[in-house]
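Below are the chains, spelled out letter by letter.
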Amino acid sequence: MMICRHKEAKDPILENRIRNHAKRYGIRTVAGQEILYHCTSHRPVQDVLSCIRHRRSLSNCENLLKPNALHELIGADEFLNIFDDDPASVQATVEIARNCSFRLEDVRYIYPEEIHSDRISVVEYLRELTHRGALQRYSGRPPEAISKQIERELQLIEELEYASHFLTMHRIVEWCKQQDIMCQGRGSAANSAVCFCLGITQIDPIDMDLLFERFLSRERDAPPDIDLDIEHERREEVIQHVYDAYGRDRAAMVAVVIRYRIRSAIRDVGTVLDIPASELQRLSKQLNSYGSIAPDDFVRAGLDPSLRTHCLLAELSNAIIDFPRHLSIHPGGFVFTTGPIHEVIPVENATMPNRTVIQWEKDDIEAMKIFKVDLLGLGALTQLHRCFELISQHRGIDLTMNSIPTDDEQVFAMLQKADTTGVFQIESRAQMSMLPRLKPEQWYDLVVQIAIVRPGPISGGMVHPYLRRRAGEEAVEYPHPCLASVLGKTLGIPIFQEQVIKLAMTVADYQPGEADQLRRDMAAWRRVDRLERHREKLVSRMVAKGIKQKFAEQVFDQIRGFGEYGFPESHSASFALIAYAASYLKCHYPAEFACSLLNSQPMGFYSPSTIVEDTRRHGVRILPIDVHFSRRDCTVEPCRESTGGYALRIGLRYVKGINNKEAKSLESTQIAVQSIEELMHETGISKATVKKLAEAGALRGLAANRRTALWMAHGIRTRKEILPTLENSTEFRSLSLEESTAWDYRSTGVSSNGHMLQHYREQLRAQGLPDAKTVNNMPDGRRVRFVGAVICRQRPANASSVVFMTLEDETGFVNTVFWPRCFERYSTLAKTLSLLGVEGTLQVASNVVHLIVDHVWKPTDFSLWKDFRSRNFH
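Residues numbered from 1 in each chain as written. Predicted model: local features only at pLDDT ≥ 70, side-chain atom pairs only at ≥ 80, totals over all residues. Heavy atoms only, no water.

- The protein carries the name Error-prone DNA polymerase in an unreviewed UniProt entry, which gives Geodia barretti as its organism.
- Under the UniProt heading Subcellular location (unreviewed entry), the note attached to the protein is "Cytoplasm".
- Recorded under Sequence similarities (unreviewed entry), the UniProt text for the protein is reproduced unchanged: "Belongs to the DNA polymerase type-C family. DnaE2 subfamily." (UniProt positions renumbered as here; feature names shortened; annotations may be inferred.)

Structure representation (C-alpha cells):
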C-alpha cells in the first residue's frame, strides 16, 4: 500500500490508516508521491485543468484542488529525505522499479490472416486475384510492363508478409461494389500495380510512371498505407460491415487526441475564471485559429488587458495550447488483430453507438508497426453518385466516372475561366486564382493543378517558373541531364513528392533506405529538425554533381514545404479523377450538379446559399420550398426557361428546425391538402413545425401569403389545447421581395428570390458602388470601392501574414488581399462583419483579378441584412 507525503493536514491521518491496514493484512507499504507537474511554476495550469475536468469554476472548486505546490517531480535525494524514517517502504519502491522491465518492443503484432474458400495460401490467392484483375483492366491483354511490375510487387509483398493486408482492402472494396457504394483508393496506394488490378485504386501506375517505392519497399520497415475514400453518408455502413466481418473483439478504430488551440483554450479557461460568455465570444472573434493571445487582442475586443483576471486568462490560455483536451476518433483508421485486440492495445467503447476505439493515435500505431486501414468519408463521392442517379432518372443517361469523356473541350474552357464553384479540390480561392494562369487543356493538367497550390511548390519557388515554361515564356531546361526522366512531365520543375524523392536518389545518390527516411521526415511536419539534417547532404551532393547551388537550395526549400503539406503525384491523380468528373457534370448538367451538391451537404468549400447563387448565375431557375412539391432532398423539375431544361427545387431539409422524420412525413403531402390544419393532422407534424414551414414560405397555396400562413399556424388547435381555433379569415400584407429574401435566409439559409444584395443594387449604384461582375472586368490599377458579403477569410501559413477574403454579391465573387498593416488597422471590422465595404486598387494579371485593400468601412442602411456564415482562417 502506497504512502504519500505532501505536507498536507490530512497526511498523518491517512498514513496511520494505511499502516494499520497494511499491518492487519500483512501487506508491505510503498513510498511514493503524487506527481502532477514537473515543476512548481506549473501548479496554476494544473489547477485550471482540474477545474476544466470537473466542469467547475475556480470560485466553486471546493476541495478539488491541492492545498500546496508540493506535487512536483523531485530528485532521488529529496525523495530519500522525505522518507528517511521509513527505509523499508523506500526499499519496496526500488524493488518495484527494478521489476518494471516491460518494453514496447516486446509487443509482437501479427496481422490476421485473411480467410478464403480455396485451399491455397493467402499469397497464392492474392496472386490469382491480381492476375484476374489485370486481365479485366487491360481487356485480356496486360502489357509486358504491367506484368513485370505485378510480379515484382507480389514478390516483395510475399517477402514482407503483407498479402493479408491487400486481401482485406480488396474484400472491403468488393463489398462496397456489391452494396452500390462508391469508393476509391488514393494516396501512395495508387503507386501500386497490385492495388490497381485489385480494383482498390483507379490510377494506372505504369501509364503514369509512378514510384512504387513510395508505397512499399524493403527499407521502409513500415506497413503499407492504403487509404480508401467512401461516400461520406454511407461510410458508417462500411464501418459496421468491418465490425461484423472481423468482430468487435478483433477490430477497432484509431483514436485522435484533440489538443487545445487558442480559441478552445480561451473558452475553457475563461469559464473557469468566471468571465462572462459574451466577453469570451467577443475576444474569440479577434483571434486566429492558430497562435496565441496578446494584450492587443483584448483591446480590439473592448476589454482591459491590465485586469488581473484578463492577465490570468492570457497567461493560462497560452500555457495550455497544444495540451491534450479530449480523445476523439480518427476519421477512418481501423486496426485488426489476430487475437483479442485488448491484449495488444487498450480499448474503450466510443461515444458513437456500436463503435470500439483504441486509445492510441496513428503515430503510436506506426511506431508499433501495427497495420492501419483508412476508411475515409468523402462528400465528393456522395455527390457524384447522387448526380449520376439524377441524370439517369430524368434523362435516361447512365454515366459513371469511367464512361465520362476525358477530352471535353467545353469542360476545359470552363476550367480555364475558373468557373469551379462547388467542384471538388479546385473550388478554393487559391485554386480559382491558379486555373486561368495554368490553363488546363487535358486531364493530367488537373493533376498538376491540384498539387501545385500547396506549401511544397510554393515554398520552393517552383510555381512561377512552371507557369512561365507552360506559357512558353521560359525555356524548358534541366539542372542535370539525368533529371529529364524525373522532371519531364512537369517541364523541368519538381512539383510532386515522388519527384523530390527520385531527384534525391538520382542526383544526390540517396540509397533506398535514405530516400525512405527522407519520405518519413517530410511526413513528420511538426518535427522541422528531422528535415534539417538532410540539408547539407542533399545540397552538397547536388552541387558536386554540377547542379547550381541556387537550384539545390530551392529543392530543399520545397522539401520543407512538403513537410507542411505537399501532394504526391498518385494522390493528386486520384483526386483529379473526381475533380474532372465533377467539372464535367457542372458543365453539362448544372441543375443535377447543384441538386446533388446541396443534398450532400455539409461538404466542400462554400455554403448552400453560395451554391444556389452560382447555380442561378448559370441560368438554372431556382424554385422555392413548397409542401406540395418539395421532398426532403432538393429535386430537379423539367423547366423550359432553365439552362439544360431543368430547374432546381429546394428541399424541405433546408427548413431550419425540421428533422428527417418530419421531412419524410411531409413528402406525403404532395397529395392535395386543402388547409394548414389538414396538413398538420394528415402528417402528424407538430405545431412548431407548421410555424417553421410558414416562416420559410413553404405553405404557399394554403394561405394568401407568408404572414397570413404564420398567423393561421399560430391559431391551429392541437389535441392537447382546449382553446378554440383562432379566426383564420384575417389576411396580412404580403412581404416585399426584399423581406421575403430576408425571411428565406433566416429560416432556411437559402433563397429562391436571389441574393440579398440584389435588392440593394440601386442604392449601391447610387453611391457609386459597382457589382462584382463589373469589378472583375475593370483594368489593372483601377481604384475601386465595393460592398459584398464575406464568404471566406484565409490567412495561409506560407503567406507572410497576408489575409485573403472573398466577397460575394448577386453577380459573383471579388477576391481581396489585405497586407498585414492594413488588416491590423481594420482587424475588428475585417474579422467580425459579414457585410463589408472595402476600397483599394485592382491588380489584374493573366485574367486573375485581386483587389488590394487599403481602406475598410461598415456599410449602413441595410436594415434587413442577415449575417452570412463565412469560413474563417482555414
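A short note on the sheet that holds strand 11 (residues 635–638)
Here comes step 1: Here we have three strands laid out as an open sheet, ordered 10-12-11, and mixed in their pairing. Looking at strand neighbours, the two that pair on one side only are strand 10 (622–623) and strand 11, the edges of this open sheet.
Here comes step 2: Of the pairings in the sheet, the one linking strand 10 to strand 12 (residues 646–649) comprises two bridges and is parallel in character. Bridge pairing links I622 to L648 in strand 12. (Pairing = 2+ DSSP bridges. Helix = DSSP H or I, 4+ residues; strand = E, 2+ residues; numbered from the N terminus.)

What to know about the pairing of strand 17 (residues 848–857)
Here comes step 1: The buried fraction of strand 17 is high, at eight of 10 residues.
Here comes step 2: For strand 15 (residues 812–818) and strand 17, the ladder comprises three bridges, and the chain directions are parallel. Residue T816 lies in a different strand from strand 17, and its bridge partner there is L851.
Here comes step 3: Pairing of strand 16 (residues 835–845) with strand 17 involves nine bridges; the strand directions are antiparallel. Each bridged residue has a counterpart across the sheet, and for G837 the counterpart in strand 17 is W857.
Here comes step 4: Taking the residues between adjacent antiparallel strands as the criterion, strand 16 and strand 17 are bridged by two residues, where S846 takes a positive phi near 55°. (Buried < 20%, exposed > 50% of the residue type's maximum accessible area, 1.4 Å probe, protein only.)

Here's the deal with the packing of helix 5 (residues 122–137) against helix 6 (residues 144–160)
Here comes step 1: Close contact between helix 5 and helix 6 brings their axes to 11 Å; oriented N to C, the two are set at 160°. In terms of axis orientation, helix 5 runs roughly antiparallel to helix 6. Here the hand of the crossing between helix 5 and helix 6 comes out right-handed. Across from V123, L126, R127, T130, H131 and A134 in helix 5, the residues of helix 6 making contact are I150, E151, L154, I157 and E158.
Here comes step 2: Across the contact of helix 5 with helix 6, the residue classes break down as six nonpolar, two polar and three charged. (Axes fitted to C-alpha atoms, helices over the stretch in contact; angles between N-to-C directions. Parallel < 35°, antiparallel > 145°, perpendicular 65-115°, else oblique. Left-handed = near helix turned anticlockwise from the far one by under 90°. Contact = heavy atoms within 4.5 Å. Nonpolar A, V, L, I, M, F, W, Y, C, P; charged D, E, K, R; others polar.)

Concerning a nonpolar patch on the surface
Here comes step 1: Taken together, the side chains of M1, Y25 and I27 define a hydrophobic patch exposed on the protein surface, amounting to about 300 Å² of accessible area.
Here comes step 2: Among the secondary structure elements, I27 is positioned in the loop between helix 1 (11–25) and strand 2 (30–32).
Here comes step 3: With relative accessibility at 42%, the residue I27 sits in the partly exposed group. (Patch = residues over 30% accessible without salt bridge, like charges linked within 9 Å, V, L, I, M, F, W, Y side chains within 5 Å. Areas by Shrake-Rupley, 256 points an atom, 1.4 Å probe, with all protein chains shown as cover. Salt bridge = Lys/Arg side-chain N within 4 Å of Asp/Glu carboxyl O.)

Re the nonpolar core
Here comes step 1: Counting 129 residues, the largest nonpolar core has W443, M542, L585, I676, L693 and L699 as its most contacted members.
Here comes step 2: When residues in this core are grouped by element, the largest group, 10 residues, is from helix 27 (residues 569–588).
Here comes step 3: In contact with W443, other than residues within four places in its own chain, are I203, M208, F412, A573, A576, L577 and Y580.
Here comes step 4: Counting residues in hydrophobic clusters, the runner-up holds 60 residues, among them I146, F212, V242 and I341. (Core = buried A, V, L, I, M, F, W, Y, C linked by side-chain atoms within 4.5 Å.)

Remarks on the environment of R24
Here comes step 1: Tracing the chain through its elements places R24 in helix 1.
Here comes step 2: A C-alpha to C-alpha distance of 39 Å links R24 and H42, two positions 18 residues apart in sequence.

Looking at helix 5
Here comes step 1: The end-to-end C-alpha distance of helix 5 is 22 Å, a good match for the 22 Å that 16 residues give at a rise of 1.5 Å each.
Here comes step 2: Among the residues of helix 5, V122, V123, L126, L129, T130, G133 and A134 are the ones counted as buried. One face of helix 5 carries all of its buried residues, which in axial projection span an arc of 140°.
Here comes step 3: Each element contacted by the buried residues of helix 5 is listed here: helix 6, helix 7 (163–178) and helix 8 (193–197).
Here comes step 4: Residue S139 follows helix 5 closely and has a positive phi angle near 50°. (Expected span 1.5 Å × (residues − 1). Arc of directions from axis to C-beta.)

Some words on the packing of helix 5 against helix 7
Here comes step 1: Here helix 5 crosses helix 7 at 45°, and the two axes come no closer than 9 Å. Viewed along their axes, helix 5 and helix 7 adopt a mutual orientation that is oblique. Here helix 5 and helix 7 pass one another in a crossing that is left-handed. Here V122, V123, Y125, L126 and L129 of helix 5 come into contact with helix 7, specifically with A163, S164, F166, L167 and H170.
Here comes step 2: Across the contact of helix 5 with helix 7, the residue classes tally to eight nonpolar, two polar and no charged.

Structural notes on the side chain of S596
Here comes step 1: Here S596 is to be found in helix 28 (residues 590–599).
Here comes step 2: The residues contacting S596, other than those within four sequence positions of it, are Q383, R386, C387 and L390.

So, the pattern of salt bridges
Here comes step 1: All told, the structure shown has 52 salt bridges when counted by the stated rule.
Here comes step 2: Where R468 meets E474, a salt bridge forms, and the shortest distance between an N and an O atom there is 2.9 Å.
Here comes step 3: Judged by relative accessible area, which is 34%, R468 ranks as partly exposed.
Here comes step 4: With its nearest N and O atoms 3.3 Å apart, the salt bridge here joins K537 to E514.

Looking at helix 4 (residues 87–99)
Here comes step 1: Taking 1.5 Å of rise per residue, the 13 residues of helix 4 would be expected to cover 18 Å, and the 19 Å separating its terminal C-alpha atoms lies within 8% of that figure.
Here comes step 2: Of all the positions in helix 4, only S89, V90 and A92 are classed as buried. Viewed along the axis of helix 4, the buried residues span an arc of 155°, placing them on a single side of the element. Among the exposed residues of helix 4, those pointing more than 90 degrees away from its buried face are P87, A88, R98 and N99.
Here comes step 3: Buried residues belonging to helix 4 abut strand 1 (2–4), helix 1, strand 2 and helix 3 (76–82).

Considering the confidence of the model for the protein
Here comes step 1: Averaged over all residues, the pLDDT of the protein is 89; the fraction at 70 or higher stands at 95%.
Here comes step 2: Taken as a whole, residues 722–726 scores under 50 in pLDDT and shows nine contacts with residues more than four places along the chain or in a different chain. (pLDDT = per-residue confidence, 0-100.)

So, unusual backbone geometry
Here comes step 1: Note the cis peptide between Q601 and P602, where omega equals 5°.
Here comes step 2: Note on placement: P602 falls in the loop between helix 28 and helix 29 (608–617).
Here comes step 3: Phi at R55 takes a positive value of approximately 55°, unusual for a residue other than glycine.
Here comes step 4: Judged by relative accessible area, which is 77%, R55 ranks as exposed.
Here comes step 5: Within the chain, D180 stands out as a residue other than glycine whose phi angle is a positive 60°.
Here comes step 6: Tracing the backbone through its elements, the reader meets D180 in the loop between helix 7 and strand 3 (183–186).

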